[in-house]
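Spelled out from the first residue to the last, the chains are:
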Amino acid sequence: MMIVDDEPLVRLALQHMIDWQSMGIAVEVEAADGAEALEILEQRDDIDLMLLDIEMPRLSGIELLRAFPAIMEKRRPVTIMLSAYSDYSYVREAFLLGAIDFIVKADMDEEHLVPVVLKAISELHKQDSPSNPLPSSEAEDDIDAKSEILRQLIMLDPSQQEDAAAAVAATGIHEWLGESNQLVAVMTISKGLPGSRPGRSLNDAKTQRFISQSVQTVLDAMSIRHFIYRKSQSEYVLFCTLAQYRSESVIREKVQSAFAMMQTRLIQYVNVSIAIGVSELASGTKHWYRLHQQAAHLAAMSFYAGWNKVFYPESCMDQGRGNAGQDPIRKLQMTLKATGAGIAQLLEQDNAELWKREFEQMQLLLGQTWGWRPQDVQAALEDLLWELGGLLYRKGIRWDDLEPELQHPFEYLKSLETLEETKNWLNRICSQLHGQLHGMAKADSSYSSVVATAKQFLDLHYMEDVNLALISEMVGVSESYLSKQFTKEVGSNFIQYLTNLRIEESKRLMKKKGFKITDIAETVGYLNVEHFSRMFKKTTGCSPKLYRENLLK
């Protein structure tokens, strides 16, 4: 093994942190940077394993990996990267350049190092194996064939298609996945808010490859026998067997550690949020259809609880479709429908507090839908959209008059990934519609058309990412002109007016239970909670926490 790091203390620590000899590893050489390591690799062909720092002078770890093709006539060492917390973008590239795993320096201890090193040793054994590996095209065909078998197993219900399911199970799938202590996990990936600024694209082949490799790496490091089936760009099905463990508590601990590590890696290195539903344990492929159904339902609970969570059968009681039966669901659906009709009627009233009170009642009803399938909740809310659509038609208003490019509201509703997002969007739509019906007629004649339009847009969109440049372009004047006119006519500048709108809404939300300060900050348009706290204190004279405490007195 060769250790490559520009910090002598790190190299010394790695030398003595693990009993390398007991693992069959000899630390033969060290290098202080990538250039020195490259010279060594050009002279020697006996380096099997390399611990490689990312950030180094002269030649970085990434640049060394890029230089590998020039020395490919010699065997390429299996590489484990050493990274700092600020190196996430580089780690992504390191994986794509062939690194097998990474160690974060802050976590550099025996507990974290040994599983990764064992994985690297396993990879070396594969390279040294006398058996000839499948050519890449054959290997891909083999993976595709196994994926098709697993796809059929989770699609065929043995209770209704017994012969077909038995035929698929007879393909010998148990030989490469095992037969006892099996579980299925469904991992769904957030696609992000519609219309939001993308941090990454799930359509990108590199992103998909990195996601698969990250999942594979974690499960390998945790010694969990598995197969990964990519059902779609945003959904992966993980078939796992843990036959070596007898205790369910040990299995749960192992699985929880693995999935928590997956979440951390994916949000840090690919900027994607995930939810994982984990089925109960069973033995035999005949159970996989049921296990997959259970895991998929649990993963869908991110609609209620949010992302970056792992859901187990006991942590998410099925209070809707599974246990309550159809009658309570139908009753609640009818109540939601009636409430939606009431909201539409009240929007025609000048007093905004009327429809807002009815909307709060609908939010309480939606709180009772926990455990429903997300599509059932969305179907119940479609009645409200129909009512709003009818009102829009009667008043000669279009959907895209409320929100630009909103031409297919029913599709937009289905694209929302959490109940909180759904409620916020419906609330925003209703506010905008009420403003269209009543705001324009009451526009103060003392405002010029430019300032009146800008002010109305702010009143409706203050919770979004709005700025002076955006609105000045929308109303067709320069930023400086709009800024001067806005201050002159409204009595406060653009930023002050926007801030006051957001702070007043945050004060209203603080009167409600269940809203965290961080959630309120994001809801009213502040992505940084510290910035929100500063603006709140500047406007009100006290911090958000103190303001809420005073409300409770």
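Residues numbered from 1 in each chain as written. Predicted model: local features only at pLDDT ≥ 70, side-chain atom pairs only at ≥ 80, totals over all residues. Heavy atoms only, no water.

Would you explain a negative patch on the surface in this entry?
Taken together, the side chains of Asp 19, Asp 107, Asp 109, Glu 110 and Glu 111 make up a negatively charged region of the molecular surface. One can find Glu 110 in helix α5 (residues 110–128). (Patch = residues over 30% accessible without salt bridge, like charges linked within 9 Å, V, L, I, M, F, W, Y side chains within 5 Å. Areas by Shrake-Rupley, 256 points an atom, 1.4 Å probe, with all protein chains shown as cover. Salt bridge = Lys/Arg side-chain N within 4 Å of Asp/Glu carboxyl O. Lys, Arg positive; Asp, Glu negative; His and termini not counted. Charge placed at Lys NZ, Arg CZ, Asp CG, Glu CD. Helix = DSSP H or I, 4+ residues; strand = E, 2+ residues; numbered from the N terminus.)

I'm lost on the nonpolar core in this one. Help?
Taken as a class, soluble globular proteins show a tendency for nonpolar side chains to be buried jointly. In this structure, Met 2, Met 187, Leu 238 and Phe 259 are the most contacted members of the largest nonpolar core, which totals 58 residues. Broken down by element, the residue count for this core peaks at 7 residues, all from helix α10 (residues 248–269). With sequence-adjacent residues up to four places away left out, Leu 238 is seen in contact with Leu 183, Val 184, Ala 185, Val 215, Phe 227, Ile 228, Phe 259 and Met 262. (Core = buried A, V, L, I, M, F, W, Y, C linked by side-chain atoms within 4.5 Å. Buried < 20%, exposed > 50% of the residue type's maximum accessible area, 1.4 Å probe, protein only. Contact = heavy atoms within 4.5 Å.)

Is there a simple way to think about the packing of aromatic side chains in this case?
Going through the model one piece at a time under the given rule, you end up with 12 aromatic pairs. Put simply, the rings of Tyr 526, Phe 532, Phe 536 and Tyr 547 touch in pairs and so form one group of aromatic residues. Note that Arg 252 overlies the ring of Tyr 312, its terminal NZ or CZ placed 3.9 Å from the centroid. Looking at Arg 502, its charged tip hangs above the ring of Tyr 526, at a distance of 5.1 Å from the centre. (Phe/Tyr/Trp six-rings, centres within 6.5 Å; stacked < 30°, edge-to-face > 60°. Lys NZ or Arg CZ within 6 Å of the ring centre and 35° of its normal.)

Explain the packing of helix α19 (residues 449–461) against helix α22 (residues 494–510) to me, please; I cannot follow it from the model alone.
Between two packed helices, both the angle of their axes relative to each other and the distance between the axes serve to describe the pair. Their axes nearest at 10 Å, the elements α19 and α22 cross at an angle of 30°. With respect to their mutual orientation, α19 and α22 come out roughly parallel. Between α19 and α22 lies a crossing whose hand is right-handed. Together, Lys 455, Leu 458 and Asp 459 of α19 and Phe 494, Tyr 497, Leu 498 and Leu 501 of α22 make up the contact between the two elements. In terms of residue class, the contact of α19 with α22 is made up of 5 nonpolar, no polar and 2 charged. (Axes fitted to C-alpha atoms, helices over the stretch in contact; angles between N-to-C directions. Parallel < 35°, antiparallel > 145°, perpendicular 65-115°, else oblique. Left-handed = near helix turned anticlockwise from the far one by under 90°. Nonpolar A, V, L, I, M, F, W, Y, C, P; charged D, E, K, R; others polar.)

Is there a simple way to think about the pattern of salt bridges in this case?
Pairs may arise between side chains of opposite charge once their charged atoms sit close together. What the rule picks out here adds up to 21 salt bridges. Note that Arg 44 and Glu 28 form a salt bridge whose closest N and O atoms lie 3.5 Å from each other. Here Arg 44 is found in the loop between α2 (34–43) and β3 (49–53), whereas its partner Glu 28 is found in the loop between α1 (8–17) and β2 (29–31), with 16 residues between them in sequence. Where Arg 373 meets Asp 376, a salt bridge forms, and the shortest distance between an N and an O atom there is 3.1 Å. Accessibility expressed as a relative area gives 34% for Arg 373, which makes it partly exposed. Since its relative accessible area comes to 11%, Asp 376 is described here as buried. Where salt bridges share partners, they join Asp 5, Glu 7, Asp 53 and Lys 105 into one cluster.

Before we go on, may I ask you to explain the sheet that holds strand β7 (residues 225–232) in this structure?
Across a sheet, strands are paired by hydrogen bonds formed along the backbone, either parallel or antiparallel in direction. Taken together, 5 strands build an open sheet; the order of strands is β7-β8-β6-β9-β10 and the sheet is mixed. Lying at the two open borders of the sheet, with one neighbouring strand each, are β7 and β10 (309–311). The sheet shows a mean angle of 20° between the axes of neighbouring strands, direction not considered. Of the strand pairs in this sheet, β7 and strand β8 (residues 235–241) are connected by 7 bridges, and their pairing is antiparallel. Bridge pairing in β8 places Ser 232 opposite Glu 235. Strands β6 (182–189), β7 and β8 of the sheet are contacted by helix α9 (residues 205–221), whose axis makes an angle of about 160° with β7. Seen against the sheet, α10 touches β6, β8, β9 (274–278) and β10 and runs at an angle of roughly 165° to β9. (Pairing = 2+ DSSP bridges.)

Don't take any of this as a statement about function, it's just geometry.
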